[in-house]
Amino acid sequence: MNSDPISRIDFPMQFLTRLKLLITVLILSFALFRQETVGEDTSQLSTGFSLKYIVIDPGHGGRDPGCVSQSGVKEKDITLSVSRKLAEVLRQKNEYEVFLTRADDRFMSLRQRVAFANQESFPPNQSIFLSLHCNSFKDQRIHGMESFKFDLDATDELAAELVERENAQESVDKFDFMIINLRKRGNEKYTEQVARILQKLLVKQLGVKNRNLHASRNAGVRGAPFYVLAWTKMPSVLLELGFISNDAERKKMTEEKYQDRIASALAKGIKKFDQQLPE
Ligand SMILES: [Zn+2]
């Protein structure tokens, strides 16, 4: 007779796991069926990408300062200032429509940022999403630039640590991942291209250390499960512009002139990405 109390306790858990698996399979089958019959978003992507909308996401804001240095420099102020400058440079050229998830010092949840980016007015095959951040690390000697695309597993330990801080309360689990993968199918190559071009151009034009090189095996594009990258439908990249914890880099990042240089390098990178798109 089976009176093992443990298997009785396990039963509801096993049931839940199976139920979750069954639901996943059903959702995936439905999504695949729908895409094949209706030809949703992904078919648009496969017929090409032409850049019209740029959504800039200044990290943190309001009651969320992001990283703060001992001297009181806040990540949220640098990200906002650089984002505004980038918007200005791009608007002057008048080639794209530019939008900011926040244009002042206000708190916005990660969900709100994603909802903003996923508005119908920004078609995933005509838009890119750039989330701007600054880094911080206990070893104050560390400096340089990093860029990320979405990946369920962080490509390296430091990326995993970083994602924990940037995601705060919102995490991305494996169950979500299958859904995300379906939604983003078709735009990975554009994400990869934007990330690669921006990283290379910023490193060159600003003369900063390329922290993607040794950290990733995949020729300079790192991946980590950032919430905003996971749920935005368009190609999306998160940039860590420099380390607030490094004295020299922090000083530069607070200077208007240096922020202008970041903005113009980013604008150049966006243009370069656009020019490399097939006709
Ligand atoms: Zn941040």
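Rules of the game
Residues numbered from 1 in each chain as written. Predicted model: local features only at pLDDT ≥ 70, side-chain atom pairs only at ≥ 80, totals over all residues. Heavy atoms only, no water. Helix = DSSP H or I, 4+ residues; strand = E, 2+ residues; numbered from the N terminus. Buried < 20%, exposed > 50% of the residue type's maximum accessible area, 1.4 Å probe, protein only. Contact = heavy atoms within 4.5 Å. Axes fitted to C-alpha atoms, helices over the stretch in contact; angles between N-to-C directions. Parallel < 35°, antiparallel > 145°, perpendicular 65-115°, else oblique. Left-handed = near helix turned anticlockwise from the far one by under 90°. Nonpolar A, V, L, I, M, F, W, Y, C, P; charged D, E, K, R; others polar. Arc of directions from axis to C-beta.

**Student:** Give a description of the environment of Ser69 that names residues and reports values.
**Tutor:** As for its placement among the helices and strands, Ser69 is situated in the loop between β1 (53–58) and α3 (75–93). Residue Ser69 is classed as buried on the basis of its relative accessible area of 8%. Through-space distance from the C-alpha of Ser69 to that of Ile244 is 6.1 Å; in sequence the pair is 175 residues apart. Among all residues touching Ser69, those that are not within four sequence positions of it are Ile244 and Arg250.

**Student:** Break down the packing of helix α7 (residues 188–206) against helix α10 (residues 256–276) for me, with residues and values.
**Tutor:** At a closest axis distance of 9 Å, the pairing of α7 and α10 adopts a crossing angle of 140°. Between α7 and α10, the interaxial angle falls into the category oblique. Handedness of the crossing formed by α7 with α10: right-handed. Together, Tyr190, Gln193, Val194, Ile197, Leu198, Leu201, Leu202, Gln205 and Leu206 of α7 and Tyr258, Arg261, Ile262, Ala265, Leu266, Lys268, Gly269, Ile270, Lys272, Phe273 and Gln276 of α10 make up the contact between the two elements. Across the contact of α7 with α10, the residue classes break down as 13 nonpolar, 4 polar and 3 charged.

**Student:** Tell me about helix α4 (residues 110–117), and name the residues and values.
**Tutor:** Looking at α4, one finds that the buried residues are Leu110, Arg113, Val114 and Ala117. On an axial view of α4, the arc spanned by its buried residues comes to 95°, and they lie on one face. On its buried face, α4 sits against β1, β3 (127–135), α5 (157–167) and α8 (227–231).

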